[in-house]
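# Coordinates in review
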Amino acid sequence: CAHSSKEQSENMNKHITDKLEQMLIIYENKNEKYRALGYQKAILILKRHPKEIQSREEALALPGIGKRIADKIWEILQTGDFRKLDEMSSREETNSLKLFTDIHGVGPTTARLFLSQGFKTLEDLKTNANLTRQQKIGLKYYDEFNQRIPRDEVAKIENQVINAALSLNNGLIVQVCGSYRRGKATCGDVDILITHPDRKSHKGIYSKLLKLLHEQNFLTDDLVVQEENADIQCKYLGVCRLNEANSLHRRIDLIVVPFDEYACALLYFTGSAHFNRSMRHLARKLGLSLCEKSLNKNVIRNGTEKINTGERLVVHSEQDIFRVLNIPYREPEERDF
Ligand code: DCP
Ligand code: MG
Ligand code: MN
């Protein structure tokens, strides 16, 4: 504080000003300037007052302390508490947590950590927090990422990726999955799955496609780029933007998979996450194991630990997977639960 110079004697009313200062910060953060000013004046006066305030009247008699603040002071003196402050700070905490978890790359644990470090606003994080590269990108596009993507825009994004992919190899299968495939009117991001039915031409596509989409200025930022490995699924998480006036930066996920894994990958990437959990659970009950790569049989478990991963079952389609699990096929639109 600019006023904490030597000339100033000890603060006789610290038990009061500490609480008023917390309230001041809340009003400042809320940009309630008039209220903040009232608190600021009262705090200054109390700090300078040479003796401990004992009553409401004593506080009210000081210049710059009005009835409202005198009441708060009296409450603090009588009860040691300041209920309005407790209420507002818990509401403020809730608001900050919501604000933080809406940043891409920030989960509930990190949001709590930020809060415990004293950060309340996005501005606080931008200037003072220790952020990962992903979180920085999340903050940079905070407003854009928190807007849902209309289906027709997802279709345009799909088209751009299809055209780029087919220019590399016109036999590739390019399929939008996620909430779009489940028929949602708007989507949180765009999830695109790529494979090749000849079982070999998917190799090398991942790197080439990312390079091409970057050259087209379609991909603007990378969140996670895996090193390409021809034998396994390669996943990319990033940011794209259509080359149109007023278009927003959108989250995009791309995966390139070997054709043998296509059915399981398609089922997984279509979701929903909740539906996937119940399918995995069902498989486990049948002594099978389902993941984004394969459906396996003869899995031996000790509790949740897998002792033997078993053998792959050959599944050519989502229908095959439902059949093995012995349940009726469900269209993507019916997989929200
Ligand atoms: N997925 C999963 N478990 C997770 C995250 C994802 O099984 N913890 C699967 C199911 C999802 C799919 O990946 O449907 C795509 O993930 P998204 O986070 O993109 O989720 P959605 O596309 O379903 O919804 P949104 O509209 O929010 O993107
Ligand atoms: Mg999605
Ligand atoms: Mn996604």
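Scroll up for the structure.
My aim in this report is to walk through the structure given alongside it, one point at a time. (Residues numbered from 1 in each chain as written. Chains lettered and ligands numbered in written order. Predicted model: local features only at pLDDT ≥ 70, side-chain atom pairs only at ≥ 80, totals over all residues. Heavy atoms only, no water.)

### Some words on the overall build of the chain
A tally of helices and strands in the chain yields 15 helices and 12 strands. Taken over the C-alpha trace, the chain has a radius of gyration of 29 Å; the compact-globule value for 337 residues is 20 Å, which it surpasses by more than 25%. Principal-axis analysis of the C-alpha atoms places the extent of the chain at approximately 85 × 50 × 35 Å. Considering the chain as a whole, with its 337 residues, one finds that 42% of them fall into the buried category. Long-range contacts, defined as pairs at least 24 residues apart, comprise 55% of the intrachain contacts of the chain with a sequence gap of at least 6. Here the chain holds 51 positive side-chain charges and 46 negative ones, and the gap between their average locations is 2 Å. (Helix = DSSP H or I, 4+ residues; strand = E, 2+ residues; numbered from the N terminus. Rg over C-alpha atoms; globule rule 2.2 N^0.38 Å. Buried < 20%, exposed > 50% of the residue type's maximum accessible area, 1.4 Å probe, protein only. Contact = heavy atoms within 4.5 Å. Lys, Arg positive; Asp, Glu negative; His and termini not counted. Charge placed at Lys NZ, Arg CZ, Asp CG, Glu CD.)

### Description of the coordination of the magnesium ion (ligand 2)
Each donor-metal-donor angle in an ideal tetrahedron of four donors is 109.5 degrees, and each such angle in an ideal octahedron of six donors is either 90 or 180 degrees. Around the magnesium ion (ligand 2), the protein contributes the donor atoms Asp 189 (OD) and Asp 191 (OD), which lie 1.9 to 2.1 Å from the metal centre. Between the magnesium ion (ligand 2) and the manganese ion (ligand 3), the interatomic distance is 3.5 Å, and Asp 189 donates to each metal, bridging them. Judged by its relative accessible area of 9%, Asp 191 falls in the buried class. (Donors = N, O, S within 2.8 Å, 3.2 Å for Na, K, Ca; no water.)

### Some points on unusual backbone geometry
Ser 272 follows Gly 271 through a cis peptide bond whose omega is 0 degrees. Inspection of the secondary structure assignment puts Ser 272 in the loop between α13 (262–270) and α14 (273–285). Here Asn 217, not a glycine, exhibits a phi torsion of approximately 55 degrees, which is positive. Along the chain, Asn 217 turns up in the loop between α12 (205–215) and β5 (219–225).

### Brief notes about the pairing of strand β7 (residues 250–256)
Within β7, seven of the seven residues are buried, which leaves the element mostly enclosed by the surrounding structure. Along β7, one buried face is formed by Arg 250, Ile 252, Leu 254 and Val 256 and the opposite face, lined by Arg 251, Asp 253 and Ile 255, is buried too. Across five bridges, strand β4 (residues 190–195) lies against β7 in parallel orientation. When the bridges of β7 are listed, Val 190 appears paired with Ile 252. Note that strand β6 (residues 234–240) and β7 share seven bridges and pair antiparallel. Residue pairing across strands places Cys 240 opposite Arg 250, the latter belonging to β7. (Pairing = 2+ DSSP bridges.)

### With respect to the sheet that holds β6
Read from one edge of the open sheet, five strands run β2-β4-β7-β6-β5, paired in mixed fashion. Both edges of this open sheet fall to β2 (173–176) and β5, since each of them pairs with a single strand only. Strand-to-strand twist across the sheet, computed as the mean angle between neighbouring axes with direction ignored, equals 25 degrees. Across four bridges, the pairing between β2 and β4 is antiparallel. Residue Val 174 lies in a different strand from β4, and its bridge partner there is Ile 194. Running over the sheet, helix α8 (residues 133–140) touches β5 and β6 and is turned about 145 degrees from β5. Together, β4, β5, β6 and β7 form the strand contacts of α12, whose direction differs from that of β5 by roughly 150 degrees. (Axes fitted to C-alpha atoms, helices over the stretch in contact; angles between N-to-C directions.)

Any functional reading would require information that these geometric values do not contain.
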